[in-house]
Amino acid sequence: MEPSTEYVAFEAKVKKTIYIDNLSPQVTKAVLENAINQFGNVKDVQFVPTYFASCGVCAALVEMESAKQAEEIIREMGDSPLMISGMPRPVRARKAQGEMFEDRPKRHQRTIVCRWMDPSHQHFELAKKIKDLTKKHAAEAQYIMELQLEEEEKLHKQQSETLKTNYKKYELIDDVQADGNVKRLKAEYGMTLNDH
């Protein structure tokens, strides 16, 4: 059974699309477009829900002009993570997969029928194990995401404190230069300083 022409066009779109996750909730479509445009031409940005992550993490599908641009971005961001909007959270990029798109067309024209499984059915225990395993994996993913968010929060606080400290140092230097103390010290000790 051949895939429909609509699905073939969709597969071409998937090849040109990258999945970017670990985005801050403050990142907007315009901010993401500007950040990724430095690597190539962005055709479309679509934010996608992250079901296993907490509300502090977002993801997006970014369609590029060509599959080659998408591959270059994935390679580039794999070597050096991109910080968007100055957030201390380095975003990650990987190839998009067809299952990531909510509006994906059907590959073949077939219908899937869901039904309740009777406890006496021969595969009931197997289905129950798969269901329990899925719940366990979701809990593990949530726990790992919470640990990652805690680490990122610590990093954010550390970077904020460093920034404030450096800002205070520069303010102090500016104040000393503005009130003439540097010129007096220079004259008193016979030093030559560059006025840069």
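Quick look at the structure, then. (Residues numbered from 1 in each chain as written. Predicted model: local features only at pLDDT ≥ 70, side-chain atom pairs only at ≥ 80, totals over all residues. Heavy atoms only, no water.)

## A look at the pattern of salt bridges
Piece 1. Tallied over the full model, the rule gives four salt bridges.
Piece 2. Between aspartate 21 and arginine 92 there is a salt bridge; the shortest N-O distance is 3.2 Å. Here aspartate 21, found in strand β1 (residues 17-23), pairs with arginine 92, found in strand β5 (residues 90-95); they are 71 residues apart in sequence, far enough to count as distant.
Piece 3. In this structure aspartate 21 comes out as buried when scored by relative accessible area, which is 13%.
Piece 4. The exposure class assigned to arginine 92 is partly exposed, which follows from its relative accessible area of 38%.
Piece 5. Salt-bridge contacts for glutamate 63 lead to lysine 43; the nearest nitrogen and oxygen are separated by 3.8 Å. (Salt bridge = Lys/Arg side-chain N within 4 Å of Asp/Glu carboxyl O. Helix = DSSP H or I, 4+ residues; strand = E, 2+ residues; numbered from the N terminus. Buried < 20%, exposed > 50% of the residue type's maximum accessible area, 1.4 Å probe, protein only.)

## What to know about a negative patch on the surface
Piece 1. Judged by side-chain charge, Glu171, Asp174, Asp175 and Asp179 come together as a negatively charged surface patch.
Piece 2. Here aspartate 174 is to be found in helix α4 (residues 124-178). (Patch = residues over 30% accessible without salt bridge, like charges linked within 9 Å, V, L, I, M, F, W, Y side chains within 5 Å. Areas by Shrake-Rupley, 256 points an atom, 1.4 Å probe, with all protein chains shown as cover. Lys, Arg positive; Asp, Glu negative; His and termini not counted. Charge placed at Lys NZ, Arg CZ, Asp CG, Glu CD.)

## What to know about the environment of methionine 117
Piece 1. As for its position among the elements, methionine 117 is in the loop between β5 and α4.
Piece 2. Here the alpha-carbon distance between methionine 117 and alanine 127, two residues ten residues apart in the chain, equals 8.7 Å.
Piece 3. What methionine 117 contacts, discounting residues up to four positions off in sequence, is His123, Phe124 and Ala127. (Contact = heavy atoms within 4.5 Å.)

## A few points about helix α5 (residues 181-189)
Piece 1. Among the nine residues in α5, zero count as buried, and that is only a small part of the element.
Piece 2. Just beyond α5, the residue with positive phi is glycine 190, at close to 65 degrees.

## A short note on α4
Piece 1. The terminal C-alpha atoms of α4 lie 80 Å apart, and with 55 residues this matches the ideal 81 Å at 1.5 Å per residue to within 8%.
Piece 2. Along α4, the residues classified as buried are Met145, Gln148, Leu149 and Glu152.
Piece 3. If you follow the buried residues of α4, they end up packed against β1 and β5.
Piece 4. After α4 finishes, the residue glycine 180 shows a positive phi value of roughly 90 degrees. (Expected span 1.5 Å × (residues − 1).)

## Details of a nonpolar patch on the surface
Piece 1. Taken together, Leu185, Tyr189, Met191 and Leu193 make up a surface patch of nonpolar side chains, about 420 Å² in accessible area.
Piece 2. Looking at the secondary structure, you find methionine 191 in the segment after α5.
Piece 3. With a relative accessible area of 44%, methionine 191 lands in the partly exposed category.

Coordinates in, geometry out; function isn't part of it.
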